[in-house]
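# An overview of the molecular structure
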Amino acid sequence: QVQLAESGGGLVHTGGSLRLSCAASGIISSRNVMGWYRQAPGKQRELVATIATILSGGTTNYADSVKGRFTISRDNAKNTVYLQMNSLKPEDTAVYYCHFYSLRDYWGQGTQVTVSS
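Residues numbered from 1 in each chain as written. Predicted model: local features only at pLDDT ≥ 70, side-chain atom pairs only at ≥ 80, totals over all residues. Heavy atoms only, no water.

### Focus: the packing of aromatic side chains
- In this structure the tally under the stated criterion is two aromatic pairs.
- Arranged with centres 5.1 Å apart and planes meeting at 70°, the rings of Tyr37 and Trp107 form a pair that is edge-to-face. With Tyr37 in strand E4 (residues 33-39) and Trp107 in strand E10 (residues 105-107), this pair connects stretches of sequence that are 70 residues apart.
- Where Phe100 meets Tyr106, the ring centres are 5.9 Å apart and the plane angle is 70°; that geometry is what we call edge-to-face. (Phe/Tyr/Trp six-rings, centres within 6.5 Å; stacked < 30°, edge-to-face > 60°. Helix = DSSP H or I, 4+ residues; strand = E, 2+ residues; numbered from the N terminus.)

### Remarks on the pairing of strand E3 (residues 18-26)
- Two strands pair when backbone bridges link them, and strand E1 (residues 2-7) and E3 are joined in this way by six bridges, in the antiparallel orientation. The residue bridging Gln3 from the neighbouring strand is Ser25, located in E3. (Pairing = 2+ DSSP bridges.)

### Focus: the pattern of salt bridges
- This structure, assessed with the given rule, holds four salt bridges.
- We note a salt bridge from Arg38 to Asp92, for which the minimum N-O separation is 3.0 Å. Within this pair, whereas Arg38 is found in strand E4, its partner Asp92 is found in the loop between strand E8 (80-85) and strand E9 (94-101), the two being separated by 54 residues in sequence.
- Across the pair Arg69 and Asp92 runs a salt bridge whose closest N-O atoms are separated by 2.7 Å. Separated by 23 residues along the polypeptide, Arg69 in the loop between strand E6 (60-62) and strand E7 (70-75) and Asp92 in the loop between E8 and E9 bring together distant segments of the chain.
- The exposure class assigned to Arg69 is buried, which follows from its relative accessible area of 10%. (Salt bridge = Lys/Arg side-chain N within 4 Å of Asp/Glu carboxyl O. Buried < 20%, exposed > 50% of the residue type's maximum accessible area, 1.4 Å probe, protein only.)

### Structural notes on the sheet that holds E1
- Reading across from one edge, E1-E3-E8-E7 is the order of the four strands in this open sheet, with antiparallel pairing throughout. Looking at strand neighbours, the two that pair on one side only are E1 and E7, the edges of this open sheet. Averaged over all adjacent pairs, the angle separating strand axes in this sheet is 15°, with direction ignored.
- Relative to E8, E7 runs antiparallel, the two sharing six bridges. When the sheet's bridge partners are listed, Ser73 is paired in E8 with Tyr82. (Axes fitted to C-alpha atoms, helices over the stretch in contact; angles between N-to-C directions.)

### Notes on the environment of Gln112
- Here Gln112 shows up in strand E11 (residues 111-116).
- Distance in space between the C-alpha atoms of Gln112 and Ala94 is 6.1 Å, their sequence separation being 18 residues.
- Non-local contacts of Gln112, meaning those with residues more than four positions away in its chain, are made with Gly9, Gly10, Thr93, Ala94 and Val95. (Contact = heavy atoms within 4.5 Å.)

### Digging into the pairing of strand E5 (residues 46-52)
- In terms of burial, E5 is a largely internal element, five of the seven residues being buried.
- Sheet topology places E4 next to E5; six bridges connect them, and they run antiparallel. Within the sheet, the bridge partner assigned to Gly35 lies in E5 and is Thr50.
- The hairpin formed by E4 and E5 contains six residues between the paired strands, and Gly42 there has a positive phi angle of roughly 75°.
- Bridge count for E5 against E6 is three bridges, and the pairing is antiparallel. Counted as the bridge partner of Thr50 is Asn61 from E6.

Quick look at the structure:
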């Protein structure tokens, strides 16, 4: 019922910024949580940040490693979630996956973020 379209990945130098976008289409519940996860080569997929709709509590959650550098936001009129990534570090290099949850989990195809030292 839900499709996710990700964009915004790319290559940046240490200290640079990127803005990821994920647009959800289909049947979108007013109660949902959207967010971003990432997976680096040889490592497990990990949570980066999530944000819930107001009806689901309106809470945000960040991994300790990105607090103060990344900001997650959403535009419900566009059914889109954003991840503003500032002060990027080489350890942020990974494939970033958009995630959507309401009655079930949905995943985007992933977008590559590479940060050079």
